Amino acid sequence: MEQSQIMKHEFDTCIIGQGLAGTTLAWTLHRMGQRVAVIDRDEPLSSSRIAAGLITPVTGKRFVKSWRFDDFWPIATEFYRAIEKETGTGFFHQRNSVRLFASREEQELFAQKSNRDYPELVRYPENPVNEKNFDRSFGEFEMTQAARLNIPLYLDASRDYFSRKNSYFNAEINPSIDLQLQNNSVILKQFELHSKRIIFCEGFSGSKNRWFESVRFDAAKGEILTVKIPGLNEQRAVHRGIWLVAVGDDLYRMGATYDRKNLNTTPTETGREELCSRLSNFMRLPFEVLDHHAAVRPIILGRKPLIGFHPQYPQMGYFNGLGSKGSLQAPWFADTFAQSISENNNIPSEFNVATHMNVQNQ
Ligand SMILES: Cc1cc2nc3c(=O)[nH]c(=O)nc-3n(C[C@H](O)[C@H](O)[C@H](O)COP(=O)(O)OP(=O)(O)OC[C@H]3O[C@@H](n4cnc5c(N)ncnc54)[C@H](O)[C@@H]3O)c2cc1C
C-alpha cells in the first residue's frame, strides 16, 4: 500500500544506529545533498563508544599491511578533517605509532617485509621510545600514516549537528514491527516519518535484525582498560601484541582482548588480568587501572564490511561489519555506498550484502 497521507517528516534516507557506520554514512549522504534522518537508542557502551579509534597501517604477528590501506587512508583523513571543520570539533589526531619487536624473529621478518611491501609507511624512529619506560631489547619501528579517532567526540559532535537540523531522533527501533513498507519507501509511524529508504547500521545488534538475519557474523568481544601512568610522556601509540595510547593527563587507553565465545558487554577479571600482564611485559612503570569496558566488535564472516540493499525490499539497506578497523574503513564504505545510491551504480559483489544473503520468503 502506498502512503496516503502527508507525514510530518520527509527524508531521503533514514539511518538506524548512530555508531561509526551510521554517523559516517549520514554525513556522507548529507554532504551529497540528501535529507537524512538518524535514529539511535543512545546506548552508553556500544562498540563505537568504547573503541580506541586507532588507525594502524601495519598490524598482526606477520606484519601485514592493512587491507586496502592506500585506498582507505586518503578518504578517511579527508573525511574526518572535513567533519572537524563542519562541527568545529577536533577529534582526529594524526600521530605516528610505534611497534616494539618482541623477538629476534620478529625483527628479521619485519626487515624482510618492510622494504618489499610498504617502505613508504615505516621507518626506524629518530626518537626511539624511552628505554627507562619500555623494554626495547629488540628495538622498534615507527609508522607514519597512523592516527587516533576520538570516536565518542566524533559521535557527540555529529549528534549535536543533526539534532540542530531536527533530524536526530532518540529511540530504539524494532525492525520487525516498527516499519511500514510502502512500494518504494518506508514509514515509521511513531515519528510520522516517511523516507525513501531506511538503512540499518546497528553493529552487532544487527545480527538479530529479521530482514538481514541470514548475514553470518563472526563477532569478537573486546575488553579495554583506561590506566593512569604518571611520568610516561609517550604521545605515540605503542604496540606490542596489545596497544597503549595516550588520551591526556597521564591517562592511557590499552587493549584489547579477543573473545569469540562470550559475546556480551560484561568486563571480566580474566580480561583485566590478561591486559595488565601483557602491558607489564613491555612497559616498566607502575600503573593504576581506572576504568574497564567491554563491547562486541561487529565482524561479519569473511571479515569485510557489507553495504547495499535487501534483494527483495530495495527500500531497506545495510551497512555493517566494520570489525576491528572501523575508523579506517567507515569513510570509504560510506562513500562507495552513497555513490551507488546517487548514481545508481552496482556495488561490487565482494561487499554487497545481497550476495551474502540466503533469502527465503520473509
Ligand atoms: C574493545 C574494542 C576496541 C576497538 N578498537 C578499535 C580501534 O582501535 N580502531 C578501530 O578502528 N576500531 C576499533 N574497534 C572496532 C570499532 O569499535 C567498530 O568497528 C565500530 O565502532 C563499529 O561501529 P558500528 O556503527 O558498526 O556499530 P556500533 O558501534 O555497535 O553502533 C551501532 C549503534 O546503533 C545503535 N542501534 C543498534 N540497533 C538499534 C536499533 N534497532 N534502534 C536504535 N539504535 C540501534 C546502537 O545503540 C549503537 O549506537 C574496537 C572495538 C572494541 C570492542
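I will try to describe carefully the structure that is included in this document.

Here is what the cut-offs are and how they apply
- Residues numbered from 1 in each chain as written.
- Predicted model: local features only at pLDDT ≥ 70, side-chain atom pairs only at ≥ 80, totals over all residues.
- Heavy atoms only, no water.
- Helix = DSSP H or I, 4+ residues; strand = E, 2+ residues; numbered from the N terminus.
- Rg over C-alpha atoms; globule rule 2.2 N^0.38 Å.
- Buried < 20%, exposed > 50% of the residue type's maximum accessible area, 1.4 Å probe, protein only.
- Contact = heavy atoms within 4.5 Å.
- Lys, Arg positive; Asp, Glu negative; His and termini not counted.
- Charge placed at Lys NZ, Arg CZ, Asp CG, Glu CD.
- Near = heavy atom within 4 Å.
- Polar contact = N/O pair within 3.5 Å; in protein donor to acceptor, adjacent residues only side chain to side chain.
- Domains from an automatic or database assignment.

As a further point, take the overall build of the protein. When helices and strands are tallied, the protein shows seven helices and 21 strands. Since a compact globule built from 362 residues should have a radius of gyration of about 21 Å, the 21 Å found for the protein is in line with a globular shape. Seen through its principal axes, the protein has C-alpha atoms that stretch 70 × 40 × 40 Å. Split into buried and exposed, the 362 residues of the protein put 55% on the buried side. The contacts of the protein with a sequence gap of at least 6 include a subset with a gap of at least 24, amounting to 75%. Side-chain charges of the protein comprise 43 positive and 42 negative groups, with the mean position of each set lying 2 Å from the other.

Bringing the side chain of Ser-66 into the picture now. Of note, Ser-66 is situated in the loop between strand 5 (64–65) and helix 3 (69–87). Once you skip the residues sitting within four places of it in the chain, Ser-66 turns out to touch Thr-56, Pro-57, Lys-325 and Leu-328.

Bringing the site of the ligand into the picture now. Close contacts around the ligand come from 34 residues, with Asp-40, Glu-43, Ser-48, Ile-173 and Gly-323 the closest. Within the side chain of Ser-47, an N or O atom sits 2.9 Å from an oxygen atom of the ligand. Between the ligand and Ser-327, the relevant distance is 2.9 Å, taken from an oxygen atom to a main-chain nitrogen or oxygen of the residue. Of all the secondary structure elements, the ones that give two or more residues to the shell around the ligand are helix 1 (20–31), helix 2 (47–50), strand 19 (288–297) and helix 7 (326–343). When residues in the shell around the ligand are grouped by element, the largest group, three residues, is from helix 2. Both domain 1 (9–49 + 152–217 + 301–356) and domain 2 (96–143 + 220–297) contribute no fewer than three residues apiece to the shell around the ligand.

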